[in-house]
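Okay, here's what each chain looks like letter by letter:
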Amino acid sequence: MLQNSLRKSIFFSFTRRHVASFKLKDEFCDPENPKILQFGDISMAHHRIQGGIVRTDCRKSRCLSKLFDMNVFLKMEVNQDTGSFKERGARYALQNLTEEKRKNGVFAASAGNHALALSLHGRQLGVEVNVVMPKIAPLMKINRCQELGAKILVEGNDIAESREIAMKLAHEQQGTYINGYDHYDILAGAGTVGLEILEACPMPDAILVPVGGGGLVAGVATAVKALSPTTEVIGVVSETCQAIVKSLEAGHPVYVPTRPTLADGLAVPNAGVNAFASMKGKIDRVISVPENDIAVAILRLIENEKIVCEGAGAIGIGAILSGKLDYLKGKTVVSILSGGNIDSTSLGRCIERGLAYDHRVIRLSVIIPDKPGGLSKLTGLVGDLQGNVRDLYLERAFMRNDMSSQRVKMVIEVRGKEHEEQLKEKLEKEYDPSNCQFKNSSRLAGL
């Protein structure tokens, strides 16, 4: 049923062989002639998209400010109608189409946020939107784009394959292909985030910007450096997605394969050519954030701010948690929460990993006597110290040396590292310490 439903949304027929042999260049993203974003175009975008997008808050977080000893402000792009900053560039790009190009429609390749933004604003502005989404795209986002009226084709093993298909279809139908992180109008729209930050929080010491293909950081850096040159613009990436880092080292965009990350919205293997040219000389530094800290950042935002944020949006808070920005203590720091489109399965996984790394879920393996009351005694000891057993497994068959014992494996909720140490001390007094194993929290998280 699902396959049939998706096939109804296929807007053109093609063969893989034909697509693979038909290579096209994006006329708006030419590596030989990159376009450098100008501040005047950001100002124009800021004026034209007013009323069509949400002017999001840039609010101070009292909890995070106290926790990190900084004045932490959060730019709430999660509150856009489709849940991300992508709406700004999408609307501006659609507004700039000629009447003829509007009639022919627009094409894009996206796994989520760019597709959602184009779908919503295409419907509002009367422009047909056609999106090729890779097979790895979340079903939630595919269905949402369809509900917004876009024509969806689910093809391509990754975003690169989907992009080739989308560009071919745009060429055949004389439509306009809009790159989600490198089209010039997309960069200008993204830059309006920087203008709004400076209007709400004049002269911040630093702005933390998530970086994937570079569109957001190029726009924000151009806007901020024009109006507040002393403000640091800090790009933030996952340790598993280093395209921007390697590109800046090489002095030009380079292809860097990505690995799985909680910040999946930043998993782009190459920087945009326009974006890279626009950001050069304007970014003060780039910080790489471990996966552990991204997970804890998502958890901190949920618990302290009641904000559900995807990994890419939470990565700025992860950068602070990593300790790599301790030199900003006592200063004013703005973190852009760029998106909140995370599915429930991924959110649950992030929360579990965050709890593990935060020493609030631990794994215990202990050998106890295999006799009546043996297990009851163990769980009683855990309960006496206010630990909560979440999972328990008994193992007898693989006990090779002692036929009168059993191994108990438990996952236990605790209040933190100090509570974990109290529980460890108690159990090692009761049982042979060599038979008590407390697993490292990061290993429990699978990180």
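The coordinates are above.
Residues numbered from 1 in each chain as written. Predicted model: local features only at pLDDT ≥ 70, side-chain atom pairs only at ≥ 80, totals over all residues. Heavy atoms only, no water.

Asks: Please clarify how the overall build of the chain should be interpreted in this entry.
Replies: Across its full length, the chain carries 19 helices and 14 strands. Judged by the C-alpha coordinates and their principal axes, the chain covers about 80 × 55 × 40 Å. Buried residues in the chain amount to 55% of all 447 residues. Sequence separation of 24 or more characterises 75% of the internal contacts of the chain that already satisfy a separation of 6 or more. A total accessible area of about 19,800 Å² is found for the chain, and carbon and sulfur atoms account for 48% of it. (Helix = DSSP H or I, 4+ residues; strand = E, 2+ residues; numbered from the N terminus. Buried < 20%, exposed > 50% of the residue type's maximum accessible area, 1.4 Å probe, protein only. Contact = heavy atoms within 4.5 Å. Areas by Shrake-Rupley, 256 points an atom, 1.4 Å probe, with all protein chains shown as cover.)

Asks: So what exactly am I meant to see when it comes to the sheet that holds strand β4 (residues 129-133) here?
Replies: Sheets are built from strands that pair by backbone hydrogen bonding, the pairs being arranged parallel or antiparallel. As summarised here, the arrangement of the four strands in space is β5-β4-β3-β6, forming an open sheet in which the pairing is parallel. Among the strands making up the open sheet, the edge pair consists of β5 (151-154) and β6 (176-177). Across two bridges, the pairing between strand β3 (residues 106-109) and β6 is parallel. In the sheet register, F107 faces β6, and the bridge partner there is Y177. (Pairing = 2+ DSSP bridges.)

Asks: Would you explain the packing of helix α7 (residues 113-125) against helix α8 (residues 139-147) in this entry?
Replies: In a pair of packed helices, the angle between the axes and the distance between the axes together describe the arrangement. Where α7 meets α8, the closest approach of the two axes is 9 Å, and the angle between their N-to-C directions is 10°. Comparing the axis directions of α7 and α8 gives the class roughly parallel. Between α7 and α8, the contacting residues are N113, A115, L116, S119 and R123 on the first element and K141, R144, C145 and E147 on the second. Broken down by class, the residue content of the contact of α7 with α8 amounts to three nonpolar, two polar and four charged. (Axes fitted to C-alpha atoms, helices over the stretch in contact; angles between N-to-C directions. Parallel < 35°, antiparallel > 145°, perpendicular 65-115°, else oblique. Nonpolar A, V, L, I, M, F, W, Y, C, P; charged D, E, K, R; others polar.)

Asks: Would you take a moment to explain the sheet that holds strand β11 (residues 361-369) for this structure?
Replies: Taken in spatial order, the four strands make up an open sheet running β12-β13-β11-β14, and their pairing is antiparallel. In this open sheet, the two strands that pair with only one neighbour each are β12 (388-395) and β14 (436-439). On average, each strand axis in the sheet is inclined to that of its neighbour by 20°, with strand direction left out of account. Two strands pair when backbone bridges link them, and β12 and strand β13 (residues 405-413) are joined in this way by seven bridges, in the antiparallel orientation. Note that in β13 the partner of L392 across the bridge is M410. Contacting β11, β12 and β13, helix α17 (residues 374-384) runs over the sheet at an angle of about 25° to β13. Sheet strands in contact with helix α18 (residues 417-430) are β11, β13 and β14, and its direction is about 165° off that of β14.

Asks: What is the right way to read the layout of surface pockets from this model?
Replies: Rolled over the atoms, a probe sized like a water molecule indicates the empty space that remains. Each pocket or cavity is described by its volume, and for the second largest pocket that value is around 220 Å³. The wall of the second largest pocket is formed by 13 residues, among which K25, E27, A170, H171 and G175 lie closest to the centre. Among the secondary structure elements, those contributing two or more residues to the lining of the second largest pocket are α9 (159-172) and β6. If you tally residues by element for the lining of the second largest pocket, the top one is α9, at three residues. A class-by-class count of the residues in the lining of the second largest pocket yields five nonpolar, four polar and four charged. (1 Å grid on protein atoms, 1.4 Å probe; cavity = no way out; pocket = protein on both sides within 12 Å on 5 of 7 lines; lining within 4 Å. Points joined across faces, edges and corners; volume = space filled by probe spheres on them.)

Asks: Before we go on, may I ask you to explain unusual backbone geometry in this structure?
Replies: A positive phi is found at D69, a non-glycine position, where the angle reads about 60°. If you trace the backbone, D69 turns up in the loop between α4 (62-68) and β2 (71-76). For D69, a relative accessible area of 47% corresponds to the partly exposed category. Within the chain, M203 stands out as a residue other than glycine whose phi angle is a positive 55°.

Asks: Mind showing me how you'd approach empty space enclosed by the protein here?
Replies: Evaluated as defined, the whole model comprises one cavity of 30 Å³ or more. In this model, the largest cavity occupies a volume close to 40 Å³. Every element with two or more residues in the lining of the largest cavity is listed here: α5 (86-95) and α10 (184-200). Sort the elements by how many residues they give to the lining of the largest cavity and α5 lands first, with four residues. When the residues that make up the lining of the largest cavity are grouped by side-chain class, the tally is four nonpolar, three polar and two charged.

Asks: Looking at this structure, I do not really get α5. What am I missing?
Replies: Across the 10 residues of α5, 10 count as buried, placing the element largely inside the fold. Those residues of α5 lying buried are K86, E87, R88, G89, A90, R91, Y92, A93, L94 and Q95. Buried-residue contacts for α5 involve α3 (39-48), β2, α6 (99-104), β3, α7 and α10.

Asks: Where do I start with the pairing of β3 in this structure?
Replies: For a regular strand, the rule is simple: side chains alternate between the two faces of the sheet. Alternating residues of β3 divide into V106 and A108 and F107 and A109, and every residue in both groups is buried. Across four bridges, β3 lies against β4 in parallel orientation. Note that in β4 the partner of V106 across the bridge is V129. One crossover worth recording links β3 to the parallel β4 by way of α7, and it is right-handed. (Right-handed = clockwise from strand over helix to strand, strands pointing away.)

Asks: Looking at this structure, I do not really get the pattern of salt bridges. What am I missing?
Replies: Opposite charge on two side chains makes pairing possible when the charged atoms of those side chains draw close. One pass over the structure, following the stated rule, counts 21 salt bridges. A salt bridge links R360 to E303, with the shortest nitrogen-to-oxygen separation between them at 2.5 Å. Here R360, found in the loop between α16 (344-357) and β11, pairs with E303, found in helix α14 (residues 291-305); they are 57 residues apart in sequence, far enough to count as distant. A cluster of three or more residues bridged by salt bridges with shared partners is formed by K75, E77, R88 and E196. (Salt bridge = Lys/Arg side-chain N within 4 Å of Asp/Glu carboxyl O.)

Asks: I keep staring at the environment of E164 and nothing clicks. Help me out?
Replies: The residue E164 is located in helix α9 in this model. Taking the C-alpha atoms as reference points, E164 and A108, separated by 56 residues in sequence, lie 9.9 Å from one another.

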